[in-house]
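The residues making up each chain are set out below.
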Amino acid sequence: DPRLSVMPDGRLMMICVGSVYQGTKQLKGRRPRVAFSDDGRTWTAPRPVLGEGEWLWRVTWHDGVAYGAAFAESPAGPTGERALVLYRSRDGLAWERVRQLEVPGRPSEATLRFDTAGRMVAVVRREGGDRMGWFGQAAPPYREWRWQSGNRRFGGPDLAALPDGSWLLGTRDYAPT
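A quick note: this is a predicted structure, and the numbers were derived from the prediction, not measured.

## With respect to the pattern of salt bridges
Argument step 1. Within this structure, the stated rule accounts for 9 salt bridges.
Argument step 2. The partner of E127 in a salt bridge is R125, and the shortest N-O contact between them spans 3.7 Å.
Argument step 3. The class for R125 is buried, based on a relative accessible area of 14%.
Argument step 4. One network of salt bridges, with partners in common, ties together R58, R113 and D158.

Structure follows, in structure tokens:
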């Protein structure tokens, strides 16, 4: 599940999760890993970041800082089942916790983007409760969030700002066939 981002110095950063099965079909552990490339052909060896059990879904760079939201089964989130935590990094290797995001319903895949005023915008997949995706936004320093539910499920959500100031949301379609 690799995701790419462009660092402020022009290098590519790949974020992915290393899963450990130890010869079984049961997941024994996972931890995010990052690798870097100057040319897209030659990559550094993947290096672990964050903690065991966390999953850093996607990274977005803004004003020289990488931001990403990681989900994990533990520590427990606001509903007791899963935490979604906002992190930041200046180099993609050392990550600092900004805050836990108060998203109920087993939050998982989250994409963060920035509007022209520097506000952070988030789209979050939820695997519990009504399972509807959530939208959030926060002004710097990204500690106070406003959230609202969407009217459909999100899967692998991505978000792009359009030149007219509107947003384009891409997601897996869960509509019944």
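Read on for the rest.
## Overview of the sheet that holds strand 10 (residues 120-126)
Argument step 1. Here 4 strands make up an open sheet; going across it, the order is 9-10-11-12 and the pairing antiparallel. The open sheet has two edge strands with one neighbour each: strand 9 (107-114) and strand 12 (146-149). In this sheet, adjacent strand axes meet at a mean angle of 20 degrees when their direction is disregarded.
Argument step 2. As paired strands, strand 9 and strand 10 are joined by 6 bridges and run antiparallel to one another. In the sheet register, P107 faces strand 10, and the bridge partner there is R126.

## Quick word on the packing of aromatic side chains
Argument step 1. Per the stated rule, a full pass over the model turns up 7 aromatic pairs.
Argument step 2. Ring centres 5.4 Å apart and planes at 55 degrees place the aromatic pair Y67 and F114 in the tilted group. Here the residue Y67 occupies a position in strand 6 (residues 65-72), and F114 occupies one in strand 9, the gap between them amounting to 47 residues.
Argument step 3. Overall, F114 belongs to the buried group, its relative accessible area being 12%.

## Notes on the pairing of strand 9
Argument step 1. Across the 8 residues that make up strand 9, a large majority, 8, are buried.
Argument step 2. In this structure, the hairpin formed by strand 9 and strand 10 is closed by a connection of 5 residues, where G118 is found at a positive phi of approximately 90 degrees.

## Here's the deal with unusual backbone geometry
Argument step 1. Cis geometry is found at the peptide bond from P140 to P141, where omega equals 5 degrees.
Argument step 2. Relative to the elements of secondary structure, P141 occurs in the loop between strand 11 (134-138) and strand 12.
Argument step 3. Phi is positive for D63, which is not a glycine, with a value near 50 degrees.
Argument step 4. Within the secondary structure, D63 sits in the loop between strand 5 (55-62) and strand 6.
Argument step 5. One non-glycine residue, Y142, lies in the positive phi region at around 70 degrees.
Argument step 6. With respect to the helices, strands and loops of the structure, Y142 is situated in the loop between strand 11 and strand 12.

## Side note on the nonpolar core
Argument step 1. Of all hydrophobic cores here, the largest spans 22 residues; its most connected members are Y67, L84, L86, L101, M120, Y142 and W145.
Argument step 2. Contributing elements (two or more residues each) for this core: strand 5, strand 6, strand 7 (83-89), strand 8 (95-101), strand 9, strand 10 and strand 11.
Argument step 3. Residues contacting M120, with those up to four places away along its chain left out, are Y67, L86, L112, R113, F114, G136, Q137, A138, Y142 and W145.

## Quick notes on the sheet that holds strand 2 (residues 12-20)
Argument step 1. With antiparallel pairing, the 4 strands of this open sheet are ordered in space as 1-2-3-4. Of all strands in the sheet, those with a lone pairing partner are strand 1 (3-6) and strand 4 (47-48), marking the two edges.
Argument step 2. The sheet contact formed by strand 3 (residues 29-37) and strand 4 spans 2 bridges and is antiparallel. Paired with V34 across the strands is R47, a residue of strand 4.

## Regarding the confidence of the model for the chain
Argument step 1. For the chain, per-residue confidence averages 91 on the pLDDT scale, and 94% of positions sit at 70 or higher.
Argument step 2. Mean pLDDT across the elements of the chain ranges from a minimum in strand 2, with 90, to a maximum in strand 11, with 97.

Conventions we followed
- Residues numbered from 1 in each chain as written.
- Predicted model: local features only at pLDDT ≥ 70, side-chain atom pairs only at ≥ 80, totals over all residues.
- Heavy atoms only, no water.
- Salt bridge = Lys/Arg side-chain N within 4 Å of Asp/Glu carboxyl O.
- Buried < 20%, exposed > 50% of the residue type's maximum accessible area, 1.4 Å probe, protein only.
- Pairing = 2+ DSSP bridges.
- Helix = DSSP H or I, 4+ residues; strand = E, 2+ residues; numbered from the N terminus.
- Axes fitted to C-alpha atoms, helices over the stretch in contact; angles between N-to-C directions.
- Phe/Tyr/Trp six-rings, centres within 6.5 Å; stacked < 30°, edge-to-face > 60°.
- Core = buried A, V, L, I, M, F, W, Y, C linked by side-chain atoms within 4.5 Å.
- Contact = heavy atoms within 4.5 Å.
- pLDDT = per-residue confidence, 0-100.

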